[in-house]
Amino acid sequence: QVQLVESGGGLVQAGGSLRLSCAASGRIFGINVLAWWRQAPGNERELVAGITSGGSTKYADSVKGRFTISRENAKKTVYLQMNSLKPEDTAVYYCAAGVAGSWYAANYWGQGTQVTVSS
């Protein structure tokens, strides 16, 4: 099993920044993709950004140029730096880990952290 614990969410004004962290523990050997998803009330969960063990990244069009995903293998941690935040970025953000090579096939999920952007 793999455990994922997110931190760093909170309330920020539009235009501000936040950095989310996700610490992984357990049987992380074999995890290929680490990703951040989000879900706003009434919406489906959507992929925000992902990063592979080789360092390839993928971003949702809505966050390109504003969000940056990175991973620190020694600390078994993945980060999401969010800049120029907009009210529409308000959601619960989830960390996910996947064994397969697909961006969308997550095997493990964190508990989520709330991000609220005020206008």
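Residues numbered from 1 in each chain as written. Predicted model: local features only at pLDDT ≥ 70, side-chain atom pairs only at ≥ 80, totals over all residues. Heavy atoms only, no water.

K.L.:
Provide a residue-level description of the state of the cysteines, including the pertinent values.
P.N.:
Cysteine pairs can be linked by a disulfide, which is a covalent bond between their two sulfur atoms. One pass over the full model with this rule turns up one disulfide. Across the disulfide, Cys22 is cross-linked to Cys95 (sulfur-sulfur distance 2.1 Å). Between Cys22 and Cys95, the S-S dihedral sits near -80 degrees, and the bridge is therefore left-handed. Remark: Cys95 occurs in strand 9 (residues 91-98) and Cys22 occurs in strand 3 (residues 18-26); sequence separation between them is 73 residues. Looking at Cys22, the relative accessible area reads 1%, which means it is buried. (Disulfide = S-S within 2.5 Å. Helix = DSSP H or I, 4+ residues; strand = E, 2+ residues; numbered from the N terminus. Buried < 20%, exposed > 50% of the residue type's maximum accessible area, 1.4 Å probe, protein only.)

K.L.:
Let's hear about the packing of aromatic side chains: which residues, and what values?
P.N.:
Within a pair of aromatic rings, the relevant descriptors are the distance that separates the centres and the angle that separates the planes. By the definition in use, this model includes three aromatic pairs. Both rings, one in Trp37 and one in Trp109, keep their centres 5.5 Å apart while their planes meet at 65 degrees; by these two values the pair is edge-to-face. On the criterion of sequence distance, the pair formed by Trp37 in strand 4 (residues 33-39) and Trp109 in strand 10 (residues 108-109) is long-range, its members being 72 residues apart. Of the residues examined, Trp37 reaches a relative accessible area of 9% and is grouped as buried. Judged by its relative accessible area of 35%, Trp109 falls in the partly exposed class. Plain terms: the ring middles of Tyr94 and Trp109 are 6.5 Å apart, the flat faces sit at 85 degrees to each other, and that makes the pair edge-to-face. Taken together, the positions of Tyr94 in strand 9 and Trp109 in strand 10 put the pair 15 residues apart, joining distant regions of the chain. Connected via pairs of aromatic rings, a cluster forms that spans Trp37, Tyr94, Tyr104 and Trp109. Against the face of Tyr94 rests Arg45, its NZ or CZ located 3.8 Å from the ring centre. The ring of Trp109 has Arg45 lying over it, and the distance from NZ or CZ to the ring centre is 4.6 Å. (Phe/Tyr/Trp six-rings, centres within 6.5 Å; stacked < 30°, edge-to-face > 60°. Lys NZ or Arg CZ within 6 Å of the ring centre and 35° of its normal.)

K.L.:
Please set out the nonpolar core residue by residue, giving values where relevant.
P.N.:
Core analysis: the largest hydrophobic core is formed by 29 residues, its most contacted members being Trp36, Leu80, Met82 and Tyr93. Of all elements in the fold, only strand 1 (2-7), strand 3, strand 4, strand 5 (46-52), strand 7 (67-72), strand 8 (77-82), strand 9 and strand 11 (113-118) reach the threshold of two or more residues within this core. Listed in part, the five residues of the second largest apolar core include Val33, Ala35, Leu47 and Ala96. (Core = buried A, V, L, I, M, F, W, Y, C linked by side-chain atoms within 4.5 Å.)

K.L.:
Can you explain the sheet that holds strand 1? Please cite residues and give values.
P.N.:
What the four strands build is an open sheet, ordered 1-3-8-7; its pairing is antiparallel. Each end of this open sheet is capped by a strand with a single partner; those strands are strand 1 and strand 7. Strand-to-strand twist in this sheet, taken as the mean axis angle between neighbours without regard to direction, amounts to 15 degrees. In terms of strand pairing, strand 7 meets strand 8 through six bridges, oriented antiparallel. (Pairing = 2+ DSSP bridges. Axes fitted to C-alpha atoms, helices over the stretch in contact; angles between N-to-C directions.)

K.L.:
Go over the pairing of strand 11, please, and point to the residues and values.
P.N.:
Burial of strand 11 is one-sided: the residues Thr113, Val115 and Val117 facing one way are buried, the residues Gln114, Thr116 and Ser118 facing the other way are not. Summarising the sheet, strand 9 and strand 11 pair through three bridges and their orientation is antiparallel. For Tyr93, the partnering residue across the bridge sits in strand 11 and is Thr113.

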